[in-house]
Structures are given as structure tokens and as C-alpha cells.
Amino acid sequence: MLDPNWVFLSAALGLFGSLRYAAATVAGRVRPNLVTWSLWAAAPLIAFLAQLDAGVGLPAVPTLSAGLGPLVVVVASLAARRHRASLGPFDLACGVTAAVALGVWIGLGQAPAAVIIAVVADGVAALPTIVKAWRDPWSEQATFYALIGVGAVITLLTITSWEPAAWAFAGYILGLCTLLCAVLVARRRHLR
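None of the values given here were measured: they were computed from a predicted structure. (Residues numbered from 1 in each chain as written. Predicted model: local features only at pLDDT ≥ 70, side-chain atom pairs only at ≥ 80, totals over all residues. Heavy atoms only, no water.)

Caption draft 1: A look at the overall build of the chain. From N to C terminus, the chain includes 7 helices and 0 strands. Whereas a compact globule of 192 residues would reach a radius of gyration of roughly 16 Å, the chain reaches 16 Å, a difference of no more than 12%. Seen along its three principal axes, the alpha-carbon backbone of the chain occupies a region of about 45 × 35 × 30 Å. In the chain, which comprises 192 residues, the share counted as buried stands at 50%. In the chain, 81% of the contacts between residues at least 6 apart in sequence involve partners at least 24 apart. Averaging the locations of the 12 positively and 7 negatively charged side chains of the chain gives two centres separated by 19 Å. (Helix = DSSP H or I, 4+ residues; strand = E, 2+ residues; numbered from the N terminus. Rg over C-alpha atoms; globule rule 2.2 N^0.38 Å. Buried < 20%, exposed > 50% of the residue type's maximum accessible area, 1.4 Å probe, protein only. Contact = heavy atoms within 4.5 Å. Lys, Arg positive; Asp, Glu negative; His and termini not counted. Charge placed at Lys NZ, Arg CZ, Asp CG, Glu CD.)

Caption draft 2: Geometry of helix α6 (residues 142-158). The terminal C-alpha atoms of α6 lie 25 Å apart, and with 17 residues this matches the ideal 24 Å at 1.5 Å per residue to within 8%. For α6, the buried fraction is high: 12 of the 17 residues fall into the buried class. (Expected span 1.5 Å × (residues − 1).)

Caption draft 3: Geometry of the packing of aromatic side chains. In total, this model carries 7 aromatic pairs according to the counting rule given. Plain terms: the ring middles of Phe144 and Tyr145 are 4.9 Å apart, the flat faces sit at 80° to each other, and that makes the pair edge-to-face. Taken individually, Phe144 and Tyr145 each receive the classification buried, so the pair is uniform in this respect. Feature note: the residues Tyr21, Trp37, Trp40, Phe144 and Tyr145 constitute an aromatic cluster, connected by ring pairs. We note Arg187 situated over the ring of Trp134; from NZ or CZ to the ring centre the distance is 4.2 Å. (Phe/Tyr/Trp six-rings, centres within 6.5 Å; stacked < 30°, edge-to-face > 60°. Lys NZ or Arg CZ within 6 Å of the ring centre and 35° of its normal.)

Caption draft 4: Fine view of the nonpolar core. Trp37, Trp40, Tyr145, Tyr172, Ile173, Leu176 and Leu180 are the most contacted members of the largest nonpolar core, which has 47 residues in total. When sequence neighbours within four positions are dropped, the list of residues in contact with Leu176 reads Trp40, Asp122, Ala126 and Ile130. (Core = buried A, V, L, I, M, F, W, Y, C linked by side-chain atoms within 4.5 Å.)

Caption draft 5: Here's a closer look at the side chain of Ser139. When you line up the elements, Ser139 lands in the loop between α5 (111-135) and α6. Reaching out from Ser139, the side chain makes a polar contact with the side chain of Lys132 at a distance of 3.0 Å. Non-local contacts of Ser139, meaning those with residues more than four positions away in its chain, are made with Tyr21, Val30, Arg31 and Lys132. (Polar contact = N/O pair within 3.5 Å; in protein donor to acceptor, adjacent residues only side chain to side chain.)

Caption draft 6: Geometry of the layout of surface pockets. Of the volumes computed, that of the largest pocket is approximately 170 Å³. Gly55, Val56, Pro59, Ser161 and Ala166 are, among the 14 residues lining the largest pocket, the residues nearest its centre. Within the lining of the largest pocket, the residues separate by chemical class into 9 nonpolar, 4 polar and 1 charged. (1 Å grid on protein atoms, 1.4 Å probe; cavity = no way out; pocket = protein on both sides within 12 Å on 5 of 7 lines; lining within 4 Å. Points joined across faces, edges and corners; volume = space filled by probe spheres on them. Nonpolar A, V, L, I, M, F, W, Y, C, P; charged D, E, K, R; others polar.)

Caption draft 7: Summary view of empty space enclosed by the protein. One pass over the full model with this rule turns up 1 cavity of 30 Å³ or more. The space that makes up the largest cavity amounts to roughly 340 Å³. Elements with a minimum of two residues in the lining of the largest cavity: α1 (7-27), α2 (34-54), α3 (60-80), α6 and α7 (164-191). Each residue belonging to the lining of the largest cavity can be placed in one class, and the counts come to 17 nonpolar, 8 polar and 1 charged.

Caption draft 8: View of the environment of Arg135. Looking at the element boundaries, Arg135 is found in helix α5. The exposure class assigned to Arg135 is exposed, which follows from its relative accessible area of 64%. Remark: the alpha-carbon pair of Arg135 and Val183, spanning 48 residues in sequence, is separated by 9.8 Å.

Caption draft 9: The arrangement of a nonpolar patch on the surface in detail. Residues Leu15, Leu68, Leu71 and Val75 make up a contiguous nonpolar surface patch of about 300 Å² in total accessible area. With 3 residues, the top contributor of residues to the nonpolar patch is α3. (Patch = residues over 30% accessible without salt bridge, like charges linked within 9 Å, V, L, I, M, F, W, Y side chains within 5 Å. Areas by Shrake-Rupley, 256 points an atom, 1.4 Å probe, with all protein chains shown as cover. Salt bridge = Lys/Arg side-chain N within 4 Å of Asp/Glu carboxyl O.)

Caption draft 10: How the structure looks around the side chain of Thr129. With respect to the helices and strands, Thr129 occurs in helix α5. The residues contacting Thr129, other than those within four sequence positions of it, are Asn33, Thr36, Trp37, Trp40, Glu140, Tyr145 and Leu180.

Rendered as C-alpha cells:
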């Protein structure tokens, strides 16, 4: 187990990855899906507040970073007008589902349940980006997901309490980043 202060490295990796992704967005090398990225900003920020309410402590720091990073990407993509702007029924359905899940948490007011619901909402919000990564793997940046995944591993290695509120978000992030890296690498190889 790592010293709990290692979560600051995890958060820094996430923010560094997000800043790289934002720069790639402004340069036109990636095109974020605004449904996904907006909800990727909202869900972790809500999970962070729930983790604070549950007394999770330092493992909440990377969750805060996981919300602030996508917020930077959304702002950069809107400012540069380099985002996926055409929203189809699938994108809208995922966005509505994730927003409803977040709304349910706000109505529940229970921090441990809130973290789990935020994970579910974040996962649903990820679906449009997973589909986009499959269809156009060059529209995403694998390095971003690798950095975030490493940060999630660091966070998991610092956890001392294995209550779901403490580990669920980091565990989910590790799974999502592993999936997206695998999709991007496999599809790029296949399409070459």
C-alpha cells in the first residue's frame, strides 16, 4: 500500500492528461464528444462532494481532478469550436440517462449511494465516446486514457478503507481507461 499522499500524483497525472487533451482539441487533433465530456465533468464533481460528505479523505482528491480535467476540455473545445457537434439519438439518450441518474442521487442525499450512482452516470456518459473511439480511433488520444488509468491505479494503491465510497470511482476509472486504450490500440491496428 502506498502513502495516502500519492493521490496528489494521481490528481496531477489526470490534470496533465486533461491539459494535453485540451491542447490536442484546440489543435484539431482530437474531437471530444460534448455529451460525454460534460457529464464526465459533472459526475466526478458530484462524486467528489459525496466522498467529502462520506469522510473519504485523500482518495477524493483524484475524483476532484477527474471532474476539473474534463471541464477544461469542454471549455477548450467550445472556445476552439473543435468538438463533435452533431448529437444523434444515441448521444442524447445517454446524456439524458446519465443526467437522470445524477438527479436521482441529488434526491437521495446518501453519500455512499451517490458515489455508486455517479459511477453509473459516468459510465453511461462514456458510451458515446466508446462508440466514437471504435468508429474513428484517431479522434481520441490514448495517452490521455493511459495517464488517467495510471492515476487510478495509484489511487487504488493508497486506499485504506475498502468501503465502496472510497474505491468505486477509482476502480471504475481504471476499467474505463483500460477499455478505451484497448479499443483505440486495436482499432488503429485493424484500420491501418
